Amino acid sequence: MVRSEAVSTPTKKKKKSKSLEVRKSKCSKSKEKSSATNSSATSISKRKKKSNKKAAVVDDGCTGGLKLLKRHTVTMASLTKAQVLKDPLEVELDQHGDPLDANGSNLQSYTGVLARTKVPINIESWPKVGKLLKNTIWDTILESFDLEPSERKMVIKSAGVKWREFKSRLTCQYVLPYIDDPESLKFPPDDYRFITPDVWKDFVKSRLTPEFLEKHEKQRERRLQNQYNHRMSRKGYRGLKRELIKMGIPEEDIDRTLLWIKGHQGKNGEFRDEALMIVNERIEELREKQRNGEFTQEGAVDVLTAALKTPEHTGRVRGVGGYVACPNQYFSLPKRRKQSVTQSTRLSVRQIMFEEQKKMEERLKEKIGAEEREKIVAEEREKIVAEEKEKLTEEIREKILKEETEKIKAAQDAYCPRDRSDKIVPNSSPHGSLQLATRKQSPMRNGVCEMDICHRLVGPQ
């Protein structure tokens, strides 16, 4: 029993202690909850105040122009760290000088930022941008990235492309849609606050000239003629090639035809347009013929060129990317010999003279042909006139002969009536006169023979 009591007493105490602990824990939890709610409320109020302060700051810097973008400016912490620690990031490049990996994409993004912010948009074209601005871009890039001097050309070229794209975006999204709303064009876009009002004013003025609008319309119509729109987003053909290599496709099996097909397919391998499906069928047919030896590449005419049925452009190669700008280099075509200025001018002058001589020969041929045609027409006219004259003379002769015959008949009837046996025989004289032939001796009339009378009327035989 003692043991039981002894055992029972501590159990009761333990129960009491547990209840107390539970009560204390509940109270402490409630206090913690209240303190948490209070702290959360205070933190929310602080956040609201901070957001209000930020909003006030943002509103103070508002340009008063259009705001079309939903996203805000993005800070690149890795670049800031590299600049502060003076530890530039290493960038891996491929054989064509194209940046790879994450640092490569950061390099491309940062190059675009510098091109937009450092180079004013009121400059007419990239070649007219001064060397000082281009050097500034290159020096700023070197603060964050470890690049060789030979890679400067790649960076500046990329900056020029991104600067032109930025100007095109501003034109198509912030200027041309608001031509009829001058108030919207007074101030720079609020999305790009680094654009000063003077630069924006010059840019808008240059975009509203009749010459630029005409050029823009021509380029828009030319762009609409493009039937085959790619679906590669920012990666381009070079990024697509890296993806295919990662998927396990051997690099030697990846040609520009495969890249062109994959670049125009969707994620599931489907084609959006019927024209693309037709080109894909042609490519498959030509590949089959190439495997069977029925089709061989001749110069720049390979499977892709034959399927598209259009020749390659002189300044780019389809299905390869921007790093190849010379078809002769890609297709291993023979290079043209370099010529001096005098040789080129001589050749151009000779070409011009040859073309002028050709034109003159064509004009002479046309002139000679016209003269010959006129001569032939004149001869034909003369022939027709001569024939008509002959016809008229024959008709006149027949008419005169008929009239003379009638006169002779009348004279014969009046002065020398004849017997039934008499007949009029045509004379063989050129005058066409007639002679009277009688079988009997003609009678005398007043001592004169009637034959004499008729002979005088008719003429000598």
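Calculation criteria
Residues numbered from 1 in each chain as written. Predicted model: local features only at pLDDT ≥ 70, side-chain atom pairs only at ≥ 80, totals over all residues. Heavy atoms only, no water. Helix = DSSP H or I, 4+ residues; strand = E, 2+ residues; numbered from the N terminus. Buried < 20%, exposed > 50% of the residue type's maximum accessible area, 1.4 Å probe, protein only. Contact = heavy atoms within 4.5 Å. Areas by Shrake-Rupley, 256 points an atom, 1.4 Å probe, with all protein chains shown as cover. Core = buried A, V, L, I, M, F, W, Y, C linked by side-chain atoms within 4.5 Å. Patch = residues over 30% accessible without salt bridge, like charges linked within 9 Å, V, L, I, M, F, W, Y side chains within 5 Å. Salt bridge = Lys/Arg side-chain N within 4 Å of Asp/Glu carboxyl O. Lys, Arg positive; Asp, Glu negative; His and termini not counted. Charge placed at Lys NZ, Arg CZ, Asp CG, Glu CD. Axes fitted to C-alpha atoms, helices over the stretch in contact; angles between N-to-C directions. Parallel < 35°, antiparallel > 145°, perpendicular 65-115°, else oblique. Left-handed = near helix turned anticlockwise from the far one by under 90°. Nonpolar A, V, L, I, M, F, W, Y, C, P; charged D, E, K, R; others polar. Phe/Tyr/Trp six-rings, centres within 6.5 Å; stacked < 30°, edge-to-face > 60°. pLDDT = per-residue confidence, 0-100.

A. Region of the structure containing the overall build of the protein. The secondary structure content of the protein amounts to 14 helices and six strands. Residues classed as buried in the protein amount to 26% of the 461 residues present. Relative to all contacts within the protein whose residues are 6 or more apart in sequence, the contacts with residues 24 or more apart total 55%. Put simply, the protein shows about 34900 Å² of open surface, and 53% of that area lies on carbon and sulfur atoms.

B. Fine view of the nonpolar core. Ranked by internal contacts, the top residues of the largest apolar core, which has 34 residues, are I121, I141 and F145. Elements represented by at least two residues in this core include exactly α2 (77-85), α3 (101-118), α4 (131-144), α5 (152-175) and α6 (197-207). At eight residues, α5 tops the list of elements feeding residues into this core. Among all residues touching F145, those that are not within four sequence positions of it are L79, P88, L89, V91, N103, N106, L107 and Y110. One finds L276, I283, F295 and L308 within the second-largest nonpolar core, a separate group that totals 19 residues.

C. Structural view of the side chain of S144. Note on placement: S144 falls in helix α4. A relative accessible area of 0% places S144 in the buried class.

D. Spotlight on a negative patch on the surface. A cluster of like negative charges, contributed by E379, E380, E382, E387, E388, E390, E394, E395 and E398, occupies part of the molecular surface. Along the polypeptide, E382 turns up in helix α13 (residues 341-415). For E382, a relative accessible area of 57% gives the class exposed.

E. Layout of the packing of helix α9 (residues 256-263) against helix α10 (residues 274-291). Contact geometry for α9 and α10: axes closest at 11 Å, N-to-C directions at 155°. The angle between α9 and α10 falls in the class roughly antiparallel. As for the relative orientation of α9 and α10, their crossing is left-handed in sense. Here T257, L258, W260 and I261 of α9 come into contact with α10, specifically with L276, V279, N280, I283 and R287. Looking at side-chain class alone, the contact of α9 with α10 contains six nonpolar, two polar and one charged residues.

F. Region of the structure containing the pattern of salt bridges. As enumerated under the stated definition, the model contains 13 salt bridges in all. Between R256 and E312 there is a salt bridge, with its nearest N and O atoms 3.0 Å apart. Taken together, the positions of R256 in helix α9 and E312 in the loop between α11 (303-308) and α12 (327-330) put the pair 56 residues apart, joining distant regions of the chain. Assigned by exposure class, R256 and E312 land together as buried. A salt bridge links E288 to R291, with the shortest nitrogen-to-oxygen separation between them at 2.8 Å. Here E288 and its partner R291 are both found in helix α10, three residues apart, which amounts to about one turn of the helix. E288 gets classed as partly exposed once you look at its relative accessible area, which sits at 39%. Counted as one network, the salt bridges with shared partners bring together R256, D302, E312 and R318.

G. Structural detail: helix α8 (residues 236-246). Every buried residue of α8 is accounted for by Y237, G239, L240, K241 and L244. Where α8 is buried, its residues meet α9. A positive backbone phi angle near 105° is found at G248, which sits one or two residues after α8.

H. Geometry of the packing of aromatic side chains. Under the criterion given, the structure shown has eight aromatic pairs. For the pair Y192 and F194, a centre-to-centre distance of 6.0 Å together with 70° between the ring planes defines the contact as edge-to-face. Take Y192: its relative accessible area is 9%, and that puts it in the buried class. The partly exposed category is assigned to F194, whose relative accessible area is 35%. When the ring of Y228 is compared with that of W260, the centres are 5.7 Å apart and the planes differ by 70°; the resulting orientation is edge-to-face. Here the residue Y228 occupies a position in the loop between α7 (210-224) and α8, and W260 occupies one in helix α9, the gap between them amounting to 32 residues. The exposure class assigned to Y228 is partly exposed, which follows from its relative accessible area of 22%. Taking relative accessible area as the criterion, W260 reaches 5% and is therefore assigned buried. Aromatic ring contacts, followed pair by pair, group F166, Y174, Y192 and F194 into a single cluster.

I. Just the packing of α4 against α5, in detail. At their nearest, the axes of α4 and α5 sit 10 Å apart, and the two run at 115° to each other. If you check the angle between α4 and α5, you find them roughly perpendicular. As for how α4 packs across α5, the hand of that crossing is right-handed. Within the contact between the two elements, α4 uses K134, N135, I137, W138 and I141 and α5 uses R152, V155, I156 and A159.

J. Summary view of the confidence of the model for the protein. In this model, the protein carries an average pLDDT of 76, and 70% of its residues clear a pLDDT of 70 or more. Across residues 457-461, where pLDDT falls below 50, the model places 10 contacts with residues more than four positions away in sequence or in other chains.

K. Quick peek at the environment of V175. Mapped onto the secondary structure, V175 falls in helix α5. What makes V175 buried here is its relative accessible area of 0%. With residues up to four places along the chain from it excluded, the contact list for V175 reads L170, L185, W200, F203, V204, R207 and L208.

L. Representation of the environment of K67 within the structure. Tracing the chain through its elements places K67 in the loop between α1 (2-60) and α2. According to the relative accessible area criterion, K67 is partly exposed, its value standing at 45%.

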